[in-house]
Every structure is written in C-alpha cells, then in structure tokens.
Amino acid sequence: MSYPASGRAGVHCGMNSKLSPVLRVLQQISHLHVLRDVELVFAPAGQVSETGGPFELRIASCKRELRRLTFGATAADLSRFRLERALFLRLLLASADARLAAWKCAAEWQPLRRSQLQESLSHDAEQRELAVLVKEMDAPQFADYVCQAARRACVG
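So, a few notes on the structure that sits alongside this text. (Residues numbered from 1 in each chain as written. Predicted model: local features only at pLDDT ≥ 70, side-chain atom pairs only at ≥ 80, totals over all residues. Heavy atoms only, no water.)

**A closer look at the pattern of salt bridges**
Counted by the stated rule, this structure contains 7 salt bridges. The partner of Arg 68 in a salt bridge is Glu 65, with the nearest N and O atoms 2.6 Å apart. One end of the pair is Arg 68 and the other is Glu 65, both in helix α2 (residues 54-70) and 3 residues apart, which spans about a single turn. Residue classification places Arg 68 among the exposed residues on the basis of a relative accessible area of 53%. Between Arg 85 and Glu 129 there is a salt bridge, with the nearest N and O atoms lying 2.9 Å from each other. (Salt bridge = Lys/Arg side-chain N within 4 Å of Asp/Glu carboxyl O. Helix = DSSP H or I, 4+ residues; strand = E, 2+ residues; numbered from the N terminus. Buried < 20%, exposed > 50% of the residue type's maximum accessible area, 1.4 Å probe, protein only.)

**Quick look at the state of the cysteines**
Inspection of every chain in the model, using the stated rule, returns 0 disulfides. Left unpaired, Cys 147 is separated from the closest cysteine sulfur, that of Cys 154, by 10.0 Å. On the basis of relative accessible area, Cys 147 is assigned to the partly exposed category, the value being 39%. Classification of Cys 154 by relative accessible area gives exposed; the value is 71%. (Disulfide = S-S within 2.5 Å.)

**Overview of the packing of helix α1 (residues 19-42) against helix α3 (residues 75-94)**
Contact geometry for α1 and α3: axes closest at 10 Å, N-to-C directions at 55°. When the axes of α1 and α3 are compared, the pair comes out oblique. Seen along the crossing, α1 lies across α3 with a hand that is right-handed. Contacts from Leu 19, Val 22, Leu 23, Leu 26, Gln 27 and Ser 30 of α1 reach α3 at Arg 80, Phe 81, Glu 84, Arg 85, Phe 88 and Leu 92. In the contact of α1 with α3, the residues fall into 7 nonpolar, 2 polar and 3 charged. (Axes fitted to C-alpha atoms, helices over the stretch in contact; angles between N-to-C directions. Parallel < 35°, antiparallel > 145°, perpendicular 65-115°, else oblique. Left-handed = near helix turned anticlockwise from the far one by under 90°. Contact = heavy atoms within 4.5 Å. Nonpolar A, V, L, I, M, F, W, Y, C, P; charged D, E, K, R; others polar.)

Function cannot be inferred from these measures alone, as they are strictly geometric.
Here it is as structure tokens:
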C-alpha cells in the first residue's frame, strides 16, 4: 500500500488509534518526497544526487513502517485508510488559496524561495494523490467519501 507524495505533516483530529499511525506515516512519506524535490531544485548546478541519500533512506524507513502498520489489515481497514487520507487531502487542498495566494503574484517578480516551492510542490502532489485515491474507490466508497466530505465541510 503506497501513496504518492504530498505536503505538510499532520492528521485529522477525529481519527481512531488504528488509523492515526498509518495516516501519520503516509503524511511523513509525502512530506519527505516534497522536501527531497525542493533540495534537488536548489542543489548547486552539476551536483549529482545521491542514490540512497538521506531523503531516500528516510522514505524507505517510513515505507517499512507503513508495511509494518498495515500488515494483516483487512480490506475494510485499507478502504478506511484510503477514505481518511482522501478526506485529509481535501482539507489541505481547501486551504490552498490561503496558503498560496500571498506569494503567487510576488513570485512573478522575485526569485522563488524554498518555502514557496515547497508549498507549490505540496499542492500539486496533494491534487495528484487525491485524484489517484478517488479513482481507486468503488461506487460505495466514493459515495461514503462524498458524504463524509460534505459533512466535514459543514462542521469546519
């Protein structure tokens, strides 16, 4: 069970204890992918990226932890992990305008800062990961996802 990258750390507060560690590790993996990509962009010209460098080692460690946490998970468990991850990604994407607006116009006239690139890469990765998760859902899962997303939007 692997998921593509996405941005910042954190998980939804209402998760049960079985979901929380899995979702935390998924977010760590996503965040490490983004940090690695930011470092590659800002690396000095001609610097060769190490295979197995510090980010790759940390990502591999997190993936091992994810396999350990999901070992023996039922299909219902995996479905719940996907649903909660998708709902969390929706939460992140809902805040995108506020997170990205402050520097979008300024970025056209100034050199890109690390924090700007990190937010932008995180946003793109969140969109891609959510699209993959939604595409993998069957009709009942998708209906549950839409219902829960609407419910959380009303509460938030």
